[in-house]
Amino acid sequence: MTPKQKAELFNSYFCSVFRPLKALSITDDSPPLLSPVEQLSDITVSEEEVAHHLANLDPTKATGPDGIPARVLRECSYAIAPSLCSLFNHSLHTGTVPSEWKSADVSPIHKKDKKELAINYRPISLLSIISKVLERCVCNRFYEHIRDSINEAQHGFLHGRSCATQLLSTLHRIGQLLDKNTQTDILFLDFAKAFDSVDHRVVVEDAASSWSPVTSGVPQGSILGPMLFLLFINDLPDVIPESTSTGLYADDTKLYREISTPEDCSQLQEALSCADVWSKDNNINFNPSKCKILTFSRRKTPFLFEYYLGSSELKRVNDEVDLGITVTSNLSWTTHINKIKVKANRLLRLLRRTCPLLTDRSIRRTLYLSLVKSQLCYATEVWSPSQYNKLNLEQVQRRATRWILQSKKGDMTYKDRLLASYP
């Protein structure tokens, strides 16, 4: 298959997930997202602001369909800032955007599973860099304006919040109930192509597909897109009954509640049905095959309720990867620790094989810290290992310090290698 054919195939698939526009009935009684006093209008950017964002562009970033590289924009930042500032303000005050800024080159990025299937790729939009400078100017004001309106259950794309804070807020409560020998059922919900649904074309190996219109979704690669999606999903927790808790990280959604009686299971099913109705009302569907149920309990005979999303029964699992952390039904972290140890060792072996002639110690250390140790340290606030597991994970770093220093077994003690590796 030629690169051109690959590009057309990806383009055809990415277009197939778009959804037609759905007419929403908005009446005088419909509650606005923000009150009139809070509404944002009359944004004006300054030359200094535009020049600042241009001067801070990353020159390694890929160009968009216009072909204007970030390096040129950065080097000419102060010379072109007045013209771009005038263009930006005209766009903001008239509510129009140049048609060239509405187009994007899309790069298919493999997510997981078989590389031969287009369904396993995520479309990342390469937008015009000039349009992203405008987005940055608007986003700075937009974020401060909407921050207090974002639902407390949401932890995605917000300052001071992260995957770790979302996991902590959910698992702390589940851990408290587990200590009381109380069961908790948690439903992991997955939206079908939440962000994928900007005319665009797909580029594969420098070959571009034909242009295709986009009727839904937000471009993955934009600056304002994530914030707009937070507003889109913001009212989902409001339709869930108060007896059920909601956890959100962007589109990653969890519903959970303590289970003491079969009636509690029925109430969680009711919450799931409410979420399903919300998704249909908002023209975005869940993917039932990827939605799962996990029961946290130390009981020998916990309540095992069959939950349904529409007509599809949710799959029951004993462990699940939640925002990069493997959680199990008894809230043990052994499975997660074993997984990240295997992954870290695999990456360390890869470095050894691919960098045998690398003589600079500082570069070897940087490679280890960024590629290997980052795997071991992710969200440790959540799963903070026991002394046994600390020693288990320490084996990876023992091997790594020998590679960083290019020393053999017995040449130096582990303590001396640590001191030499991190001066």
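One structure accompanies this document, and this report is about it. For clarity, every value in this text was computed on a predicted model and none was experimentally measured.

A short note on the nonpolar core
So, point 1. Residues L171, F296, V327 and W333 are the most contacted members of the largest nonpolar core, which totals 36 residues.
So, point 2. Where this core is concerned, the elements lending two or more residues are α6 (163–179), β3 (183–189), β8 (292–296), β13 (325–328), α9 (334–354), α10 (361–377), α11 (380–383) and α12 (387–405).
So, point 3. Here this core takes 6 residues from α12, the largest share from any one element.
So, point 4. Here this core spans two domains, since at least three of its residues come from each of domain 2 (163–194 + 234–328) and domain 3 (333–421).

Section: the packing of helix α2 (residues 47–55) against helix α5 (residues 129–146)
So, point 1. Viewed as axis vectors pointing N to C, α2 and α5 meet at an angle of 120 degrees, and their least axial separation amounts to 10 Å. Helix-helix and strand crossings are classified by hand; for α2 and α5 the assignment is right-handed. From α2, E49, V50, H53 and L54 reach across to α5, where they touch V133, R136, C137, N140 and R141.
So, point 2. For the contact of α2 with α5, the residue count by class is 4 nonpolar, 2 polar and 3 charged.

Considerations on the pattern of salt bridges
Oppositely charged side chains can form a pair if their charged atoms are brought close together.
So, point 1. Summed over all chains, the structure comprises 10 salt bridges.
So, point 2. With a shortest N-O distance of 2.7 Å, R161 and E152 are connected by a salt bridge.
So, point 3. The class for E152 is exposed, based on a relative accessible area of 56%.
So, point 4. Residues K292 and E320 are paired through a salt bridge, measuring 3.3 Å at the closest nitrogen-oxygen approach. A residue pair is termed long-range when its members are at least 10 positions apart, and K292 in strand β8 and E320 in strand β12 (residues 319–322) qualify at 28 residues.
So, point 5. Judged by its relative accessible area of 13%, E320 falls in the buried class.

Some words on the pairing of strand β7 (residues 252–259)
Each regular strand displays side chains that alternate between the two surfaces of the sheet.
So, point 1. Along β7, 6 of the 8 residues are buried, which leaves the element largely enclosed by surrounding structure.
So, point 2. Alignment of β3 against β7, held across 7 bridges, turns out to be antiparallel. Looking at the pairing, L189 lines up with T253 of β7.
So, point 3. Across 5 bridges, the pairing between strand β6 (residues 245–249) and β7 is antiparallel. Across the sheet, residue G247 finds its bridge partner in β7, namely K254.

Points about the sheet that holds β7
So, point 1. With mixed pairing, 5 strands are arranged side by side in an open sheet as β6-β7-β3-β8-β11. Each edge of the sheet is formed by a strand with only one pairing partner; in this case those strands are β6 and β11 (315–317). Going across the sheet, the axis of each strand differs from the next one's by a mean of 25 degrees, ignoring polarity.
So, point 2. Each of β3, β6, β7 and β8 is contacted by α6, which is oriented at about 15 degrees to β7, the strand it contacts most.
So, point 3. Strand contacts of helix α8 (residues 262–281): β3 and β7, with the helix running at about 160 degrees to β7, the strand carrying the most contacts.

Things to note about unusual backbone geometry
So, point 1. Although it is not a glycine, F157 adopts a positive phi angle of roughly 60 degrees.
So, point 2. Within the chain, L331 stands out as a residue other than glycine whose phi angle is a positive 60 degrees.
So, point 3. Its location among the elements puts L331 in the loop between β13 and α9.

Focus: the side chain of R365
So, point 1. Looking at the secondary structure, you find R365 in helix α10.
So, point 2. The charged side chain of R365 is buried without a salt bridge, its nearest counter-charge being D360 at 7.0 Å.
So, point 3. Excluding its chain neighbours within four sequence positions, the residues that come into contact with R365 are I404, S421, Y422 and P423.

Some details on α6
So, point 1. Here α6 spans 24 Å end to end across 17 residues, near enough to the 24 Å set by a 1.5 Å rise per residue.
So, point 2. Taken together, the buried positions of α6 are C163, A164, Q166, L167, T170, L171, I174, G175, L177 and L178.
So, point 3. At the N-terminal boundary of α6, the capping side chain belongs to S162, with an oxygen 3.3 Å from the backbone nitrogen of A164.
So, point 4. Directly beyond the C-terminal end of α6, a positive phi value near 60 degrees is found at N181.

Quick look at the environment of P98
So, point 1. Relative to the helices and strands, P98 resides in the loop between α4 (77–94) and β1 (103–110).
So, point 2. On the basis of relative accessibility, which here comes to 26%, the residue P98 falls in the partly exposed class.
So, point 3. Considered as a pair, P98 and L87 are 11 residues apart in the sequence and their alpha carbons are 9.6 Å apart.

Reading the values: rules and limits
Along each chain, residue indices are assigned from 1 in the same order as the chain's sequence is written. Reporting in this predicted model follows two pLDDT cut-offs: at least 70 for local features of residues, and 80 or more for side-chain atom pairs to be given and counted; totals over whole chains, interfaces and linings ignore these cut-offs and use all residues. Computation of side-chain values covers all heavy atoms of the structure but excludes hydrogens and water. Throughout this description, the term nonpolar core refers to a set of buried Ala, Val, Leu, Ile, Met, Phe, Trp, Tyr and Cys residues connected via side-chain atoms within 4.5 Å. Buried, partly exposed and exposed residues are distinguished by accessible area as a fraction of the type maximum, computed with a 1.4 Å probe on protein chains only: under 20%, between the cut-offs, and over 50%, respectively. Put simply, DSSP marks the helices as runs of H or I at least four residues long and the strands as runs of E at least two long, and each gets a number from the N terminus on. Domain borders in the structure are assigned automatically or taken from a domain database. All axes here are fitted lines through C-alpha atoms, helices being fitted over the stretch that makes contact, and every angle between N-to-C directions spans 0 to 180 degrees. Take the far helix as the reference: if the near one is turned anticlockwise from it by less than a right angle, the crossing is left-handed, and if turned clockwise, right-handed. By definition, residues are in contact when any of their heavy atoms lie within 4.5 Å. Only Asp, Glu, Lys and Arg are considered charged, only Ala, Val, Leu, Ile, Met, Phe, Trp, Tyr, Cys and Pro nonpolar, and every remaining residue, Gly among them, polar. Only one rule defines a salt bridge in this text: a Lys or Arg side-chain nitrogen within 4 Å of an Asp or Glu carboxyl oxygen. Two strands qualify as a pair provided that DSSP identifies no fewer than 2 bridges between them. Residues counted as positive are Lys and Arg, residues counted as negative are Asp and Glu, and His and the chain ends are not counted. Helix span is expected to be 1.5 Å times the residue number reduced by one. Distance and chemistry together define a polar contact, namely a pair of N or O atoms within 3.5 Å, with one atom able to donate a hydrogen and the other to accept it when in protein, and with adjacent residues in sequence counting only for side-chain atoms on both sides.

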